[in-house]
Amino acid sequence: MRTPDTDTYDVLVIGGGPAGLSAALNLGRSLMRVLVVDADRPRNAATLNSHGFLTRDGVAPHELRRMARDELAAYPNIEVRTRVRVLELSRADAGFTASIGRKDPTDVVAARSVLLATGLHETLPDVPNLRGFYGISLFSCAACDAWELRGRRLALIGETTDLADRARLISRWTESLTVFTLGAETVTPEEEAELAASGVAVLRLPIAELVGDRGRIEAIRLTDGTVVTVEGGFVRPEWETDLSFLHGFAPAIDRDGHLITDRSGRTDIPGLYAAGDAAIPGPQQLIVAAGAGARVASVMVHDAVGIATAH
């Protein structure tokens, strides 16, 4: 095992999604020595095609990551390690030390600053055989996938308190939307009446089965035997940020578990930054995460040389 002072980087980027890879590219171009550590288990692994990324609309997420890694390979000061993860991150006098490996540490590195671009851990609603349709005909991001489902009979499945708001959003793309609350009382009677006035039905019984073939959903069967025909739809997962690898310190998080940063991506821990879905979210789109990574990279370079950033 290497000792921390034998392998020091300017920046350790934890996470190899669009935020982390975009940050690494811009940091590398600023002559920073960068290490990207990526467990290679992205939240969008089930998604066949991603959308809304200018010049890459419809690209498979894994292909976008491959192209990004190929671009980073042209920079000798950027190193990318995949299929390993940071097992423990600790603060040190000159920055941070990180233990890296799969299940057991195989390496220890030091970094003057760290960017958390770990994204979110996603928990889907407890619905039988949901995984068989997720990423093919059921999705979580309306901005990303609703265009392909426009005009169809759609479902919205979830049990969170923002379900009515999501239904209002999704109804932009369809005149036939049914909300399934899985037995949870998360849509109020007032919200249900408002949605009904817009042609959106709310069904409150648990789901017994999703019906379809090869990932293409055709109907939803409820526990009372009711069958509702659908041609696609959305689920509302619950998300959390995994910070279990942080040792001896804890940056501030909001009530939903997202890292709190200033407008430039700085957490309340000196030298620790965050970008992408791990930070307080805007739209959960690849292009938004990539932009956040580029932005925080610029801030990190400015901070490293001790000048005030203009943004």
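See above for the structure.
Residues numbered from 1 in each chain as written. Predicted model: local features only at pLDDT ≥ 70, side-chain atom pairs only at ≥ 80, totals over all residues. Heavy atoms only, no water.

Here we come to the state of the cysteines. When the sulfur atoms of two cysteines share a covalent bond, that bond is a disulfide. Summed over all chains, the structure comprises 1 disulfide. Between the sulfur of Cys141 and that of Cys144 lies a disulfide, 2.3 Å long from S to S. Handedness of the Cys141-Cys144 disulfide follows from its S-S torsion of about 70°: it is right-handed. (Disulfide = S-S within 2.5 Å.)

In this section: the sheet that holds strand S9 (residues 153-157). Strands in a sheet are paired, the pairing made by backbone hydrogen bonds, and the direction either parallel or antiparallel. Pairing is parallel across the open sheet formed by 5 strands, whose spatial order is S8-S15-S9-S10-S11. One side of each edge strand has no neighbouring strand; the edge strands of this open sheet are strand S8 (138-139) and strand S11 (200-203). Bridge count for S8 against strand S15 (residues 232-235) is 2 bridges, and the pairing is parallel. Paired with Phe139 across the bridge in S15 is Phe234. Docked against the sheet, helix H4 (residues 163-170) engages S9, strand S10 (176-180), S11 and S15, running at close to 160° with respect to S9. (Pairing = 2+ DSSP bridges. Helix = DSSP H or I, 4+ residues; strand = E, 2+ residues; numbered from the N terminus. Contact = heavy atoms within 4.5 Å. Axes fitted to C-alpha atoms, helices over the stretch in contact; angles between N-to-C directions.)

What follows deals with the environment of Thr8. Relative to the helices and strands, Thr8 resides in strand S1 (residues 8-14). Residues Thr8 and Arg33 lie 25 residues apart in sequence; the distance between their C-alpha atoms is 8.5 Å. Discounting chain neighbours no more than four positions away, the residues touching Thr8 are Arg33, Ala110 and Arg112.

Of note, the phi angle at Asn129 is positive, near 50°, even though the residue is not glycine. Mapped onto the secondary structure, Asn129 falls in the loop between strand S7 (121-123) and S8. Look at Arg214: it is not a glycine, yet its phi comes out positive at around 55°. Assignment of secondary structure puts Arg214 in the loop between strand S12 (207-213) and strand S13 (216-222). In this structure Arg214 comes out as exposed when scored by relative accessible area, which is 76%. (Buried < 20%, exposed > 50% of the residue type's maximum accessible area, 1.4 Å probe, protein only.)

Attention now moves to the sheet that holds S12. Spatial strand order, S12-S13-S14: 3 strands in an open sheet with antiparallel pairing. Both outer strands of the open sheet, S12 and strand S14 (227-229), are each paired with one neighbouring strand and no more. Between one strand axis and the next, the sheet turns through 25° on average, direction left out of account. With 3 bridges connecting them, S13 and S14 associate as antiparallel partners. Bridge pairing in S14 links Ile220 to Val228.

Summed over all chains, the structure comprises 19 salt bridges. Linking Glu185 and Arg204 is a salt bridge whose minimum nitrogen-to-oxygen distance equals 3.4 Å. Linking Glu185 in the loop between S10 and helix H5 (189-197) with Arg204 in the loop between S11 and S12, this pair joins segments that are 19 residues apart in sequence. Here Glu185 falls in the exposed class, since its relative accessible area comes to 62%. The network of salt bridges with shared partners includes Asp38, Asp40, Arg65, Arg69 and Arg83. (Salt bridge = Lys/Arg side-chain N within 4 Å of Asp/Glu carboxyl O.)

Turning to the side chain of Ser22, a few remarks are in order. Within the secondary structure layout, Ser22 lies in helix H1 (residues 18-29). When near neighbours in sequence (up to four residues on either side) are disregarded, Ser22 contacts Ala290, Gly293 and Ala294.

The next thing to look at is the pairing of strand S2 (residues 34-38). Counting buried positions over the 5 residues of S2 gives 5, a clear majority of the element. Judged by which residues are buried, S2 turns out to be covered on both faces: Val34, Val36 and Asp38 on one side and Leu35 and Val37 on the other are all buried. Inspection of the sheet shows S1 paired to S2 by 4 bridges, in the parallel sense. Residue pairing for S2: Ile14 is matched across the bridge by Val37. As a crossover connection, the stretch from S1 through H1 into S2 is right-handed. Here 5 bridges tie S2 to strand S3 (residues 78-82), and the two strands are oriented parallel to one another. By the bridge assignment for S3, Val37 is matched with Arg81. (Right-handed = clockwise from strand over helix to strand, strands pointing away.)

What follows covers helix H2 (residues 61-72). For H2, which comprises 12 residues, the first-to-last C-alpha distance of 17 Å matches the rise-based estimate of 16 Å (1.5 Å per residue) to within 8%. In this fold, the buried residues of H2 make contact with H1, S2, S3 and helix H6 (286-305). (Expected span 1.5 Å × (residues − 1).)

So, on to a negative patch on the surface. A surface patch of like charges, here negative, comprises Asp126, Glu159, Glu238, Glu240 and Asp242. Looking at the secondary structure, you find Glu238 in strand S16 (residues 238-240). (Patch = residues over 30% accessible without salt bridge, like charges linked within 9 Å, V, L, I, M, F, W, Y side chains within 5 Å. Areas by Shrake-Rupley, 256 points an atom, 1.4 Å probe, with all protein chains shown as cover. Lys, Arg positive; Asp, Glu negative; His and termini not counted. Charge placed at Lys NZ, Arg CZ, Asp CG, Glu CD.)

Now for the environment of Ser264. With respect to the element layout, Ser264 can be found in the loop between strand S17 (246-247) and strand S18 (272-274). What makes Ser264 buried here is its relative accessible area of 4%. Along the sequence, Ser264 and Met300 sit 36 residues apart, while their C-alpha atoms lie 9.0 Å from each other.

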